[in-house]
Amino acid sequence: MSKPFAITLDVGSSLANHTGSWRTERPVYVHRLPPCNDACPAGEDVQGWLYDGEAGNYESAWRHLTRDNPLPAIMGRICYHPCQTACNRDELDEAVGINSVERFLGDQAISQGWQFIKDAAPSGKKVLVVGSGPSGLSAAFHLALQGHEVTIRESAAESGGMMRYGIPAYRLPRDVLDAEISRITNLGVTIECNSKVESAESALEEGFNAVFLAIGAHIGKRAYIPAGDSAHVLDAVSMLHMTAEGDPPLLGRRVIVYGGGNTALDAARTARRLGANEAVVVYRRNREKMPAHDIEVNEAVDEGVIMRWLSTISWVDDGLVTVEKMELDEKGFPRPIGEFETLEADSVILALGQDVDLSLVDGAEGVAIDDGVIQVDNFLMTGRDGLFAGGDAVPGERTATNAIGHGKQAARAIDAWLRGEKFVHAPRPALATFDRLNTWYYSDAPKTVRAKLDSVRRATNFAEVVQGLDEETALFEARRCLSCGNCFSCDNCFGVCPDNAVVKIGEGNYEFNLDYCKGCGICAVECPSGAIDMEPERS
Amino acid sequence: MSTQLKFYQVGSFAVGNRLIDEADLPEQSRSSRANSLTSGHRACQGCGEALGARYAIDAAMAATNGKLVAVNATGCLEVFSTPYPETSWRLPWLHSLFGNAAAVATGVAAALRAQGKSDIRVVAQGGDGGTVDIGFGPLSGMFERNDDVLYICYDNEAYMNTGVQRSGATPPAARTNTTHAIGPNPGASFTQGKNLPLIAMAHGIPYVATATVADLHDLEAKVKKAMTIRGARYLHVLVPCPLGWGSRSEETIKLARLATESGLFPVFEAEDGEVTATKKIRRLVQVEEYLKPQKRFAHLFGAHGHPDLLNAIQAIADRNIAKYKLCDPIEAEADHE
Ligand SMILES: Cc1cc2nc3c(=O)[nH]c(=O)nc-3n(C[C@H](O)[C@H](O)[C@H](O)COP(=O)(O)OP(=O)(O)OC[C@H]3O[C@@H](n4cnc5c(N)ncnc54)[C@H](O)[C@@H]3O)c2cc1C
Ligand SMILES: Cc1ncc(C[n+]2csc(CCOP(=O)(O)OP(=O)(O)O)c2C)c(N)n1
Ligand code: SF4
Ligand code: SF4
Ligand SMILES: [Mg+2]
């Protein structure tokens, strides 16, 4: 071929020049653990299901969520959402309203009739779950999906545990509870109500391959309070239980609730609903030290519940309660200051915590009891082979979420144990901390939009009926997620590489072309979600 | 719902977004983008110029359906992309001399017009040295004649390809190989400056704009708009240079962002000699935040630093903010408290 003057070589593309050889560090895509996922006691992949939800794929979002928690419509109402407390977006403007999106998905599932899909082959193993509260239901759900035959025995007339007999219906409508429980029984789980298990050991001997004790803590603690003969004193769990059964106790017009937990507030709010025109919560410490959550206190106060801090009850008798005032010492412990006051009260409700009814493990070989709760190992197994326990009956935080998490863990441990193995926890990825995010790329909402959003969000708390608004708000909330530590297909890495060394491989997936990646690190710095790490190149 | 998406999803700031309609995606988020400057070029790790050139030329290619010719001045962009006999360019591309890119481009446009091929468009491109200094005469002529060329200057604020010498676009106090960080006024002196976008506007040409590699959406929109206009157009793109600035290769985009967020590099658009749009600062920062990561400004900081020079640079930023109205009045007040 004849060439122009002074040209001796054919034109070639620079693609022949593999500049990747300059690299001293290489980018790698990573999955970090988002703080929401990290904080969720049920182990939900929050960021993951929000990602599905953002695209409006509500069913796949719900399926993704229910890999870990079978009760989203319930938890979307009653969970204290530690996920939101941990949410990175809080450092930017306000935490993502994860819980409200969860409720939205749960409600969608109920209204659309979505059911769980079970594809595991029957294992031939039988598991007994004692108790149908959140931990029992969660365990049953996971065990059923693993192919085991599950029976739940429940001493009460109906299933649900504290979700039915403790948490009042104004926070958790019973049709929601029923809907989510029946979805679990549709998996073939049998729930035998009015069927108290008297002995865990005999259950094991009855032919169950494993037993999970999910018996909760139902005995109201009775602190010693000097009281006259005609004092009307009852405990909160019994009072809530009777109310839930449609047979509420007579409380009178003035009710005093003694205690500072969420149960105390539920009791006081329930008393108001039962007709008490005065419901006073008496608590020995102050607001800051009160274990009850802010939301609950605020809602209670909004409903007219009166809070009386730094007070203990020293005497109860016919229509009168004597309280002694307290102060907090340097360590925050309350101590009496010797001042008394008399309040009028038709009844006193004690909300001082609950004990576990341990009679079914009385004398059971290998089962250790400490501090009134059943002792378990990291796999939730008691000292007795095949006997597991979880939820309120074992050490740990007494919340429904935690109980659901226990149910999942127990199911995994039982499943492994039934196969003669030990469950191995997947290694926990490093946390997706706020400082790894490049928040520049997340737009902040202009004030006008924020205001509108706030009011919309507030409104949904009360207006479950406004379906259209709900969907828009839920989608909006889901889309506020920063996708901490996980790629969300924003194409930033693909765009910002000066060497075109990022390749798209199908929907939302990328790959580095190491032939040309010079390792400059721009992609890692500009990744909004912190999903790229730079690693030293091995020479 | 689409407006909400823009507010809350990162669509408006990140390169792409899986939830946006295909049609609204920028060129750089498409696998089908032209990659006009393809891989294997020899630009340094993290070169802002390589990135800016691909952003700009890919957008121009998209706007012209690939009917585009590029003329390049001498400089890094030319040298790293075309070591004989290789080329990284995937469009017809010419290089003649350091200072004559505007004149050559004018000639190419004239030749195409003479052949009745006015649908084929012409861009000229060069570094700041090639543009504000040595190529200034031909460029001014191109403006004055309103020749149908889009001229793009990739401003890395010095003659980088020959080893970092000061140009008319080098900022005050910057250390280069010809402005050493010694004496009472270390680095480049505080001159009158040579603001080429303003000079271009003074020619009254139809379109002048500034942009940076930190805002792809803005840059693409400006190139695409420029290609809808006939006549002389000028685009001035700030492209950080890790080698010449003494910055970390991974901070190229971050530095371009800080240049605009500090007010030192105003991003605006002008038509027929009048400013028609400015990009507001989103998160105002002090110039220090922009200068500190760059070794060319290292002498301003530390025990033997020069707070006076730092203040003088801050004053330049403040002047820009006032002149181009870069902050919304209320927010600017809040940030200065
Ligand atoms: C008033 C109140 C409000 C609450 N509000 C919230 C809230 O808003 N959010 C939250 O996260 N948590 C809340 N909790 C805590 C939460 O309800 C419990 O942590 C959770 O229900 C514990 O679940 P579990 O499955 O371990 O036990 P439970 O829900 O107590 O269920 C145990 C079940 O086992 C049954 N059982 C016990 N012994 C036997 C036996 N021998 N044989 C057969 N069945 C047996 C019981 O009848 C019961 O149904 C609240 C608790 C109370 C009391
Ligand atoms: C007439 C002439 N003088 C000097 C040179 C040497 N030279 C080549 S590139 C260059 C610097 C280019 O600087 P700039 O235009 O800013 O582009 P950059 O390399 O910084 O991108 C110089 C001085 C030349 N090629 N021709
Ligand atoms: S922003 Fe999203 S991923 Fe990050 S913590 Fe909040 S909910 Fe989780
Ligand atoms: S010297 Fe600067 S402009 Fe030239 S290739 Fe390197 S980074 Fe790019
Ligand atoms: Mg230059």
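Since the structure is predicted, the reported quantities are computational estimates derived from the model, not experimental observations.

So, how was this worked out
- Residues numbered from 1 in each chain as written.
- Chains lettered and ligands numbered in written order.
- Predicted model: local features only at pLDDT ≥ 70, side-chain atom pairs only at ≥ 80, totals over all residues.
- Heavy atoms only, no water.
- Domains from an automatic or database assignment.
- Contact = heavy atoms within 4.5 Å.
- Buried area = accessible area lost by both parts, 1.4 Å probe.
- Pairing = 2+ DSSP bridges.
- Helix = DSSP H or I, 4+ residues; strand = E, 2+ residues; numbered from the N terminus.
- Axes fitted to C-alpha atoms, helices over the stretch in contact; angles between N-to-C directions.
- Near = heavy atom within 4 Å.
- Polar contact = N/O pair within 3.5 Å; in protein donor to acceptor, adjacent residues only side chain to side chain.
- Areas by Shrake-Rupley, 256 points an atom, 1.4 Å probe, with all protein chains shown as cover.
- Nonpolar A, V, L, I, M, F, W, Y, C, P; charged D, E, K, R; others polar.
- Phe/Tyr/Trp six-rings, centres within 6.5 Å; stacked < 30°, edge-to-face > 60°.
- Buried < 20%, exposed > 50% of the residue type's maximum accessible area, 1.4 Å probe, protein only.
- Lys NZ or Arg CZ within 6 Å of the ring centre and 35° of its normal.
- Donors = N, O, S within 2.8 Å, 3.2 Å for Na, K, Ca; no water.
- Parallel < 35°, antiparallel > 145°, perpendicular 65-115°, else oblique.
- Salt bridge = Lys/Arg side-chain N within 4 Å of Asp/Glu carboxyl O.

Caption draft 1: Seen up close, the domain arrangement of chain A. All names here are of chain A. Structurally, chain A comprises domain 1 (5-31 + 487-536), domain 2 (35-114 + 443-478), domain 3 (126-218 + 356-418) and domain 4 (220-353). Here domain 3 and domain 4 have C-alpha centroids that lie 31 Å from each other. The interface is formed by nine residues belonging to domain 3 together with 12 residues belonging to domain 4. Here domain 3 packs against domain 4, burying approximately 880 Å² in sum over the two surfaces, 54% of which is carbon and sulfur. Sorting the residues of domain 3 by area buried against domain 4 places Tyr165, Tyr170 and Arg171 first, and these three jointly supply 61% of that buried surface.

Caption draft 2: Representation of the sheet that holds strand E6 (residues 210-213) of chain A in the model. Residues and elements named next belong to chain A. A sheet is described by the order of its strands in space; here five strands give the open sequence E5-E4-E3-E6-E19, paired in parallel fashion. The strands lining the two open edges of the sheet, one partner per strand, are strand E5 (190-192) and strand E19 (387-389). On average, each strand axis in the sheet is inclined to that of its neighbour by 20°, with strand direction left out of account. As defined by bridge partners, strand E3 (residues 126-130) adjoins strand E4 (residues 149-153) across five bridges and the pair is classed as parallel. By the bridge assignment for E4, Val130 is matched with Arg153. The strands touched by helix H7 (residues 134-145) within the sheet are E3, E4, E5 and E6, with E4 carrying the most contacts at an inclination of about 165°.

Caption draft 3: How the structure looks around the site of ligand 1. Residues and elements named next belong to chain A. Taken together, 35 residues are adjacent to ligand 1, and Ser135, Glu154, Arg171, His218 and Asp392 come closest. In this structure, Ala214 approaches ligand 1 through a main-chain N or O atom, which is 3.4 Å from an oxygen atom. In this structure, His218 approaches ligand 1 through a side-chain N or O atom, which is 2.5 Å from an oxygen atom. Protein contacts shield 96% of the accessible area of ligand 1, which totals 990 Å² for the unbound molecule. Listing elements by their share of the shell around ligand 1, those giving two or more residues are H7, helix H12 (262-273) and helix H14 (400-418). At three residues, the largest contribution of residues to the shell around ligand 1 is made by H14. In terms of residue class, the shell around ligand 1 is made up of 13 nonpolar, 15 polar and seven charged. Both domains that furnish three or more residues to the shell around ligand 1 are identified here as domain 3 (126-218 + 356-418) and domain 4 (220-353).

Caption draft 4: Looking closely at the packing of aromatic side chains. Scanning the entire structure with this criterion turns up 15 aromatic pairs over all chains. Ring centres of Tyr442 of chain A and Phe488 of chain A lie 6.2 Å apart, and the angle between their planes is 20°; this geometry places the pair in the stacked category. Placement of the pair is Tyr442 of chain A in the loop between H14 and helix H15 (447-462) and Phe488 of chain A in the loop between helix H16 (467-479) and helix H17 (492-496), with a sequence separation of 46 residues. Taken individually, Tyr442 of chain A and Phe488 of chain A each receive the classification buried, so the pair is uniform in this respect. Consider the rings of Tyr151 of chain B and Tyr234 of chain B, whose centres lie 6.1 Å apart with planes at 20°: the pair is stacked. Here Tyr234 of chain B lies in strand E7 (residues 233-238) and Tyr151 of chain B lies in strand E5 (residues 150-155), a separation of 83 residues in the sequence. In this structure, Tyr151 of chain B and Tyr234 of chain B share a single accessibility class: buried. When the ring centre of Phe116 of chain A is taken as origin, the NZ or CZ atom of Arg183 of chain A, which lies over that ring, is 5.5 Å away. Residue placement shows Arg273 of chain A over the ring face of Tyr170 of chain A; its charged tip is 3.5 Å from the ring centre.

Caption draft 5: Focus on the coordination of the magnesium ion (ligand 5). Residues and elements named next belong to chain B. Every protein donor of the magnesium ion (ligand 5) is accounted for by Asp128 (OD), Asn156 (OD1) and Ala158 (O), and the metal-donor separations fall at 2.0 to 2.1 Å. Along the chain, the residues donating to the magnesium ion (ligand 5) fall in the pattern D-x27-N-x1-A. Pair noted here: Asp128 is in helix H5 (residues 128-133) and Asn156 is in the loop between E5 and helix H7 (196-202), with a separation of 28 residues, a long-range link. Assigned by exposure class, Asp128 and Asn156 land together as buried.

Caption draft 6: Layout of the pairing of E4 of chain A. All names here are of chain A. With respect to burial, E4 is a largely interior element, four of its five residues being buried. Here three bridges tie E4 to E5, and the two strands are oriented parallel to one another. Paired with Thr151 across the two strands is Thr190, which belongs to E5.

Caption draft 7: Local environment of the packing of helix H2 (residues 46-54) of chain A against helix H3 (residues 58-65) of chain A. Residues and elements named next belong to chain A. The N-to-C vectors of H2 and H3 enclose an angle of 170°; their axes lie 7 Å apart at closest approach. Judged on the interaxial angle alone, H3 and H2 are roughly antiparallel. Between H2 and H3, the contacting residues are Gly48, Trp49, Asp52 and Gly53 on the first element and Tyr58, Ser60, Ala61, His64 and Leu65 on the second. By residue class, the composition of the contact of H2 with H3 is four nonpolar, four polar and one charged.

Caption draft 8: Looking closely at the pattern of salt bridges. Within the structure shown, the criterion is met by 56 salt bridges over all chains. Here Glu344 of chain A makes a salt bridge to Arg254 of chain A, at a shortest N to O gap of 2.2 Å. Residue Glu344 of chain A is found in strand E14 (residues 334-344), and its partner Arg254 of chain A is found in strand E9 (residues 254-258); the two are separated by 90 residues along the sequence. For Arg254 of chain A, a relative accessible area of 17% corresponds to the buried category. Across the pair Glu86 of chain B and Arg42 of chain B runs a salt bridge whose closest N-O atoms are separated by 2.7 Å.

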